[in-house]
Amino acid sequence: MDTLSQLKSELEGEFQTTKKFIELFPEGKNEYAPHEKSMKLMPLATHLVEVFEWPNTILNTSELDFAKGDYQPSHLSTKEDLIKKLDDSYQAGKAALENASEDQLDPSWTIKNDGHELASWSKYGAIRHALNQITHHRAQLGVYYRLNNIPLPGSYGPSADQQSFK
């Protein structure tokens, strides 16, 4: 099985779907959150578009330790910033997968905080987790949009607002 081809294909499909959502990002709603415990809209969308880069980070490191500052979230403020970050992140993730070999998916990759292990997977498992994060956070974004009366594009088929499969 050509795992890398499948991961590249899935990343590309998630990119195309996510791009439709980001193109609908509402200006003036950056600080919106549906609940006090919810992320605000712009940080949520920013996190979503950053995840597309994760295959690059995962394939080129053995761990990420939050306390060491290995990850610093971007601070974006406009829809144009989001679209550019999405494209840049996708290109980095895609290039990493294109330049990888199947055996590079086997070693472990770990998320830590100040040396304390939070989660560990094979690099393949970590990339799968990242792809799942894309789906999860895009669904959250869809709820935020729905609560703001923003019509939703379809993701894996039609939505109530867009009846086509495109």
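The structure this text deals with has already been given above.
Residues numbered from 1 in each chain as written. Predicted model: local features only at pLDDT ≥ 70, side-chain atom pairs only at ≥ 80, totals over all residues. Heavy atoms only, no water.

1. Things to note about the pattern of salt bridges
Pairing between side chains becomes possible if they bear opposite charge and their charged atoms approach one another. One pass over the full model with this rule turns up 6 salt bridges. The salt bridge involving Lys 84 is made with Asp 88; its shortest N-O contact spans 2.7 Å. Highlighted residues: Lys 84 and Asp 88, both in helix H4 (residues 79–99), separated by 4 residues, approximately one helical turn. Judged by relative accessible area, which is 52%, Lys 84 ranks as exposed. Overall, Asp 88 belongs to the partly exposed group, its relative accessible area being 38%. (Salt bridge = Lys/Arg side-chain N within 4 Å of Asp/Glu carboxyl O. Helix = DSSP H or I, 4+ residues; strand = E, 2+ residues; numbered from the N terminus. Buried < 20%, exposed > 50% of the residue type's maximum accessible area, 1.4 Å probe, protein only.)

2. Let's talk about the packing of aromatic side chains
With the rule as written, the count across this model stands at 6 aromatic pairs. Ring centres of Phe 15 and Phe 52 lie 6.3 Å apart, and the angle between their planes is 80 degrees; this geometry places the pair in the edge-to-face category. Of this pair, Phe 15 sits in helix H1 (residues 3–22) while Phe 52 is found in the loop between helix H2 (41–50) and helix H3 (54–60), placing the two residues 37 residues apart along the sequence. By relative accessible area, which is 6% here, Phe 15 ends up buried. Judged by its relative accessible area of 0%, Phe 52 falls in the buried class. Considering the side-chain rings of Phe 66 and Tyr 71, the 6.3 Å spacing of their centres and the 85 degrees angle between planes classify their relative orientation as edge-to-face. Judged by relative accessible area, Phe 66 falls into the partly exposed class, the value being 37%. Taking the relative accessible area as the measure of exposure, Tyr 71 reaches 22% and is therefore partly exposed. (Phe/Tyr/Trp six-rings, centres within 6.5 Å; stacked < 30°, edge-to-face > 60°.)

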